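Each chain, letter by letter, is given below.
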Amino acid sequence: MISEAHNTGQYLIFNTTKILDKPVVVASDGVRAMMESALTARDRVGVQDFVLLENHTSEAAFIENLRKRFKENLIYTYIGSVLVSVNPYKDLEIYTKNHMERYRGVNFYEVSPHLYAVSDNSYRSMRTERKDQCILISGESGAGKTEASKKILQYYAVTCPASEHVQTIKDRLLQSNPVLEAFGNAKTLRNDNSSRFGKYMDIQFDFKGAPVGGHIINYLLEKSRVVHQNHGERNFHIFYQLIEGGEEDLLRRLGLERNPQQYQYLVKGNCPKVSSINDRSDWKVVRKALTVIGFSEDEVEELLNIIASVLHLGNVQYGGEDSGNACITSDTQIKYLARLLGVNGTVLTEALTHKKIIAKGEELMSPLNLEQASSARDALSKAVYGRTFTWLVNKINASLAYTDDSYKNWSVIGLLDIYGFEVFQNNSFEQFCINYCNEKLQQLFIELTLKSEQEEYEAEGITWEPVQYFNNKIICDLVEEKFKGIISILDEECLRPGDASDITFLEKLEDTVGGHPHFVTHKLADGKTRKVMGRDEFRLLHYAGEVNYNVNGFLDKNNDLLFRNLKEVMCMSENKILNQCFDREELTDKKRPDTAATQFKASLAKLMEILMSKEPSYIRCIKPNDSKQAGRFDEVLIRHQVKYLGLMENLRVRRAGFAYRRRYEVFLQRYKSLCPDTWPNWRGKLADGVATLVKHLGYKPEEYKLGRSKIFIRFPKTLFATEDALETRKHSLATIVQAQWRGYSQKSKYQKLRNSAIGIQAWWRGILARRRAQRRRQAADTIRRFIKGFIYRHQERCPENEYFLDYVRYSFLMKLRRNLPKNVLDKSWPTPPAALTEASEHLRKMCMQNMVWTYCKRISPEWKHQMEQKMIASEIFKDKKDNYPQSVPKLFVSTRLNGEEINPKVLQALGTEKMKYAVPVTKYDRKGYKARPRQLLLTANCAIIVEEAKLKQRIDYKALKGVSVSSLSDGLFVLHVPSDDNKQKGDVVLQSDHVIETLTKVAICADKINNININQGSITFTVGQGKEGIIDFTPGSELLVAKAKNGHLSVTAPRLNSR
Ligand SMILES: Nc1ncnc2c1ncn2[C@@H]1O[C@H](COP(=O)(O)OP(=O)(O)OP(=O)(O)O)[C@@H](O)[C@H]1O
Ligand SMILES: [Mg+2]
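For clarity, every value in this text was computed on a predicted model and none was experimentally measured.

1. Overview of unusual backbone geometry
Glycine aside, the phi torsion of most residues is negative, and most peptide linkages are trans.
Part 1 of the argument: Cis geometry marks the peptide bond from Trp679 to Pro680, where omega comes out at 0 degrees.
Part 2 of the argument: Residues other than glycine seldom take positive phi values, yet Lys628 does so here, at roughly 55 degrees.
Part 3 of the argument: When you line up the elements, Lys628 lands in the loop between β16 (615–622) and α26 (635–644).
Part 4 of the argument: Even without a glycine there, the phi angle at Tyr929 is positive, about 50 degrees.
Part 5 of the argument: Along the chain, the position of Tyr929 falls in the loop between β20 (915–924) and β21 (931–939).

Following this line, the structure appears as structure tokens:
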């Protein structure tokens, strides 16, 4: 919506999408915005659209509104879509880049009235509708047309998209202005920078909307200014710029002095300096611009040669010879001219003083008198300057031309900045042309404005009465009609043989158009008018006011003649520009060229054609005062302009029928909240909805009309009242909208979160499912391979079974790893698959070795000793003696008798002999087998049987023949000694409770491991002197040792281990 309301104010507008004054109105949302702000701003700074004026027929109200706004520096106001602009004569901060941005791409009615709004609207229409546009800027001299056109160009240069090429074109478009202004603008009484030519510029845009080229058409330069200026006026700027700004060197080359007073063509107006103009800095700008546009240094030089030549020409002095023939008194100028123009000085001199006549096929040189010579000289100056100006425009056009031949499909926006309606004290041919041009433009304006307005009412089926307005067609006809129009009459006078003069022309006018209501001469006028008219004047009643034209010079200016010999000299010029300007064909062409007025008429007709083919937009410029002062609002002057610009008519037409029109849907959309039946939505026909709404709002029948698709509201106040109601209603609507919006925004936030969560879930599920599926697929593959492998398991390794086989191996190895034997005694070992039998065996051995190795590394020396003894015991007794298994878990001890248990005397008797083992034993007598307690001591060399303190028997190990023992569980054993040893009393029968331990020790000490005999049934032993004893062993229930009746020693021993 609209934000600014203050200075810029806001604008209430018809819902136009097109800015042109066709009141063809198309609904748009923007209306809402603009109405609202128009309401807030309408009192303080006047209305931004004159259509909103309550009293729209009052010129006073109109001007008051302009005044109010002008005071507030609001120089722009609309009439519908026509922009009225009042020259502020001061710099306003409303043309900054920020402002441009504010208007860019924004609907016309959403922002305050501005040139940029119009520019942007045209641009967008061009882009969206692909229809060529034109912006017509009109207003009298000094009203700000040229400024407006420059600002529009700047707007496009800044806001349109650009590429590198486009940037160059933009620069050239912008730089064409200072150049054309230097050569075509001048200080006049009305305007310090008055355009003395008409300019229509096409800006070409490509399909992307970038400016890619341009083309300028110039209209009728006021050439007479080159040779003459009214008091207080100047020649074209370029002369002063060159003299003030040109470098010393340059001036020297051109033969110029830095003093404008020196030049006849610059002193006529007696106004070489103007405070608002800095010729020196302007010179720099122009020089730079020439380069940007693409002028080479040579071209610039030649151009300046021509400008300097014109000044020199002006200074050519004639002296009258007695004969009355003109001659040139000083040849200084001629020398310069000859050099600068590259012509022959003598020929030039002759051409400036003579006229070539062809009589009877013969060429004759007829001398000119002083007056004729001066006017020939001036004609040459005008022709040279005028043609150079046209060359300049062509040159600029060449530099702006879009060079891409492949792309012809551009759209254009045309800018028309043409001289405004002009009334001076003395008006001549130029003013006649200028004002005629303005008539034509007014005609176009009226045509388009009224026609479309009427068409709309018709289209909508609204009955309306045509508004009376002044149609200036009658004046246009008066000027341009074939045969009967002023131009035709003028041409006729110019062409006819005989002594035609300006006065005869005037008379002819009186004869032909004397009765025309818009034409008066001194002769035809009433007494009152006669007082203000000269006899050599005619008056036209223009749409913009009455203008008296002095006919003096009309014929000459219309003929625009240049003597043939001067033309010839110019054709011979070595100056390249002049060479292009003066074509030799001109000399041979017998056909008389069209007169100036006819050419102008034709060019205007062409212009009208161009403008008619485009969608026009209007900017009507108003000049607030004649003194170029800021802040001065000259009501009389303004009223006059308002009048002749037809602004009141424009407004009246706009308001005649209805101040507002709005498409039904737009109207309903905006105001539906004001009626319960239409709020929040109207379901029926739009027209019915609008009818219901306005009925509810209490519109009176005369206040509105319903058309086919639009409602037409006659008075602004009706709409204002509705707007005010809407304003009030808006607060409550705002609350609803807020609540709705909050709800909506929260809901969408929630929805977004939810959707995100669902999205994530779906993804994650997808991932999981894919993983699962993959696992299943792998599993199925594995199973399939397994089954196949199982089927082929007995075959050679092949692709079908390799996996299976590998797996079987692998799983065996893994199982083995988990179930390795825990210790050396653990004999468990998983069953290997056939293929691994051998490897398994190797592994098993390695494992065992490893365990043994580990075990061995761990055992202590004591334990090792113990184990060694146990090993020996095992070797001797394992599976041979019944009580051996019982002995295995019992550790062997180093001795069964400690020091105190052995008699000291025995120890003493042993001396140094170290005792290795001692054990209490029972000795059975050889005879009678009486059991006696004894101690058996083992030393390194012998076994000793001890009784208390006595060493009863000592058996050297060497003498020990062997040891016998039974296979039963008893503890009896016999130490066999040789029977022939007298020291011995025969074999010894002993019994030990630790028989396994005792005998193992004996075997080790005596090194008789292989001499331990284990006997079944009985043991025979020697008793001495060849006698033998026998011990019978029988298994029984308990241990019993006794002498049997057969004299044998009978031992019954319980069976401990069944075998
Ligand atoms: N929008 C503006 N802001 C400030 N000054 C302006 C503005 N428009 C015009 N002027 C002033 O008014 C002077 C005259 O304006 P401009 O040359 O545009 O008039 P014009 O309508 O083109 O007149 P002419 O018909 O003589 O060429 C400018 O030189 C400038 O000083
Ligand atoms: Mg101008």
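2. A few points about the confidence of the model for the protein chain
Part 1 of the argument: Per-residue pLDDT for the protein chain has a mean of 87; in total, 93% of the residues score no lower than 70.
Part 2 of the argument: Taken as a whole, residues 1–43 scores under 50 in pLDDT and shows 168 contacts with residues more than four places along the chain or in a different chain.

3. Things to note about the coordination of the magnesium ion (ligand 2)
Part 1 of the argument: Summarising the metal site, the magnesium ion (ligand 2) is bound by the protein donors Thr146 (OG1) and Ser195 (OG), whose distances to it range over 1.9 to 2.1 Å. Here the residue Thr146 occupies a position in helix α5 (residues 145–159), and Ser195 occupies one in strand β5 (residues 194–195), the gap between them amounting to 49 residues.
Part 2 of the argument: You can call Thr146 buried: its relative accessible area is 12%.

4. Some points on the UniProt feature "binding site: ATP" (unreviewed entry) in the protein chain
Part 1 of the argument: Summarizing the sequence annotation, UniProt attributes the feature "binding site: ATP" (unreviewed entry) to Gly139, Glu140, Ser141, Gly142, Ala143, Gly144, Lys145 and Thr146 in the numbering used throughout. None of the other annotated residues line the second largest cavity; only Thr146 do.
Part 2 of the argument: Within the secondary structure, Ala143 is located in the loop between β3 (133–138) and α5.
Part 3 of the argument: Sequence-distant contacts of Ala143, defined by excluding residues within four places in its chain, comprise Asn87, Cys621, Ile622 and Lys623.

5. Section: the pattern of salt bridges
Part 1 of the argument: Here the structure, examined in full by the defined rule, presents 52 salt bridges.
Part 2 of the argument: Residue Glu430 is joined to Lys557 by a salt bridge in which the shortest nitrogen-to-oxygen separation is 3.2 Å. One end of the pair, Glu430, is in helix α16 (residues 429–460); the other, Lys557, is in helix α21 (residues 554–559), and 127 residues separate them in sequence.
Part 3 of the argument: With relative accessibility at 23%, the residue Lys557 sits in the partly exposed group.
Part 4 of the argument: Each of the salt bridges in this network shares a partner with another, and the network as a whole consists of Arg196, Glu222, Arg225, Glu233 and Glu422.

6. Observations regarding the nonpolar core
Part 1 of the argument: Formed by 193 residues in total, the largest nonpolar core has its most connected members in Phe62 and Phe538.
Part 2 of the argument: A per-element tally of this core places helix α15 (residues 370–400) first, with 13 residues.
Part 3 of the argument: One finds Val919, Val921, Ile945 and Val995 within the second-largest nonpolar core, a separate group that totals 31 residues.

About the criteria used
- Residues numbered from 1 in each chain as written.
- Chains lettered and ligands numbered in written order.
- Predicted model: local features only at pLDDT ≥ 70, side-chain atom pairs only at ≥ 80, totals over all residues.
- Heavy atoms only, no water.
- Helix = DSSP H or I, 4+ residues; strand = E, 2+ residues; numbered from the N terminus.
- pLDDT = per-residue confidence, 0-100.
- Contact = heavy atoms within 4.5 Å.
- Donors = N, O, S within 2.8 Å, 3.2 Å for Na, K, Ca; no water.
- Buried < 20%, exposed > 50% of the residue type's maximum accessible area, 1.4 Å probe, protein only.
- UniProt positions renumbered as here; feature names shortened; annotations may be inferred.
- 1 Å grid on protein atoms, 1.4 Å probe; cavity = no way out; pocket = protein on both sides within 12 Å on 5 of 7 lines; lining within 4 Å.
- Salt bridge = Lys/Arg side-chain N within 4 Å of Asp/Glu carboxyl O.
- Core = buried A, V, L, I, M, F, W, Y, C linked by side-chain atoms within 4.5 Å.

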